[in-house]
Amino acid sequence: MKDWRGNEISEDKWIVEAQQGNEAAVELLIRHTYSDVYRFIRWKIHNDELAWDLAQTVYEKAWAKLDRYQNEHGSFRSWLMAIAQNVCIDYFRSKSTRQAELNQSISDEITVDEDFLEGILLREEVKTVYAAICSLPDDQRDALLLRYKYEFTFTEIAAITHEPESTVKSRVSRSLLKLRELLKQTKPNALSHPFKKGVKK
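Residues numbered from 1 in each chain as written. Predicted model: local features only at pLDDT ≥ 70, side-chain atom pairs only at ≥ 80, totals over all residues. Heavy atoms only, no water.

> Just to check I follow, could you spell out the overall build of the protein for this structure?
On a plain count of helices and strands, the protein comes out with nine helices and zero strands. Mapped in sequence order, the helices and strands of the protein form the string α-α-α-α-α-α-α-α-α. Of all 201 residues assigned to the protein, the portion counted as buried reaches 43%. Contacts in the protein between residues at least 24 apart in sequence constitute 61% of all its contacts with a sequence separation of at least 6. Of the roughly 11,400 Å² of accessible surface on the protein, 48% is carried by carbon and sulfur atoms. (Helix = DSSP H or I, 4+ residues; strand = E, 2+ residues; numbered from the N terminus. Buried < 20%, exposed > 50% of the residue type's maximum accessible area, 1.4 Å probe, protein only. Contact = heavy atoms within 4.5 Å. Areas by Shrake-Rupley, 256 points an atom, 1.4 Å probe, with all protein chains shown as cover.)

What follows is the structure, given as structure tokens:
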């Protein structure tokens, strides 16, 4: 992990210190991971305020069992994402879930990050890709975002989603094919592959 100046950050040191009760280390970990956690939840929930609340829940759960985290079982970021995935599952299963929140129109919720859709310059193209991604089945959309937005390996995604690695690879492949087909249908000149960042194998 690097800070905004490009300097290497000792995340492992922060984790050890946080596990020992150092509140400053906890704050640093939150500051450098919050954006990823929040945006992942926001893509799934489609509600800014609720995503903020659920992100707080993720960190509450993470700190409650921080002493059990071991980096040999995966990166700290993938560990947090696994907790975020479970928090979202719990939310959708809860009785407090309101159908109206799940059916909000895409036009009311467009908050696409420019770095995610790098190379797409026109607003209408952004809307087209966003709508296509949102139309994918939940499991395919999650696998696609975790792979290409957050750049997790297939092994890490398998741990986050509690699925076999072969299933994850299949979902990513199917989601790309489906997304490509949707973009062809909605706009002939849409990019066939909207993700340009390099990812780990």
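Further notes follow.
> How do you make sense of the confidence of the model for the protein when you look at a structure like this?
Reading predicted coordinates in detail is not appropriate for stretches of low pLDDT. In the predicted model, the protein carries a mean pLDDT of 75, and 70% of its residues have values of at least 70. Low pLDDT, under 50, characterises residues 102-122; the predicted model gives this stretch 39 contacts beyond four residues in sequence or across chains. For the stretch residues 188-198, pLDDT sits under 50, and the model shows 24 contacts to residues farther than four places along the chain or on other chains. (pLDDT = per-residue confidence, 0-100.)

> What am I meant to see in the layout of surface pockets here?
By volume, the second largest pocket is sized at about 240 Å³. Lys44, Gln85, Asp138, Asp139 and Asp142 are, among the 15 residues lining the second largest pocket, the residues nearest its centre. Among the elements of the structure, α4 (76-93), α7 (138-148), α8 (154-161) and α9 (165-186) are those that each provide at least two residues to the lining of the second largest pocket. Among the elements that take part in the lining of the second largest pocket, α7 stands out by supplying five residues, more than any other. Looking at the lining of the second largest pocket, its residues break down into five nonpolar, two polar and eight charged. (1 Å grid on protein atoms, 1.4 Å probe; cavity = no way out; pocket = protein on both sides within 12 Å on 5 of 7 lines; lining within 4 Å. Points joined across faces, edges and corners; volume = space filled by probe spheres on them. Nonpolar A, V, L, I, M, F, W, Y, C, P; charged D, E, K, R; others polar.)

> Please explain helix α1 (residues 11-19) as it appears in this structure.
Quick reminder: α-helices carry 3.6 residues per turn. Residues three or four places apart thus point the same way. Looking at α1, one finds that the buried residues are Glu11, Trp14, Ile15 and Ala18. Seen along its axis, α1 keeps its buried residues to an arc of 100°; they face one direction. Each element contacted by the buried residues of α1 is listed here: α2 (23-45) and α4. (Arc of directions from axis to C-beta.)

> Please clarify how the pattern of salt bridges should be interpreted in this entry.
Once the charged atoms of two side chains with opposite charge are near each other, the side chains can pair. Tallied over the entire structure, the rule returns nine salt bridges. In this structure, the salt-bridge partner of aspartate 142 is lysine 44, at a minimum N-O distance of 2.5 Å. Of the two residues, aspartate 142 sits in helix α7 while lysine 44 sits in helix α2, which places them 98 residues apart along the sequence. Residue glutamate 165 is joined to lysine 169 by a salt bridge in which the shortest nitrogen-to-oxygen separation is 3.8 Å. Taken as a pair, glutamate 165 and lysine 169 lie in helix α9 at a separation of four residues, close to a single helical turn. Judged by its relative accessible area of 40%, lysine 169 falls in the partly exposed class. A single salt-bridge network, built from bridges that share partners, covers Lys44, Asp138, Arg141 and Asp142. (Salt bridge = Lys/Arg side-chain N within 4 Å of Asp/Glu carboxyl O.)

> What exactly am I supposed to notice about unusual backbone geometry here?
Despite not being glycine, glutamate 151 shows a phi value in the positive range, around 60°. Along the chain, glutamate 151 falls in the loop between α7 and α8. Residue classification places glutamate 151 among the partly exposed residues on the basis of a relative accessible area of 24%. Its identity as a non-glycine residue notwithstanding, histidine 162 has a phi of 60°, on the positive side. Within the secondary structure layout, histidine 162 lies in the loop between α8 and α9.

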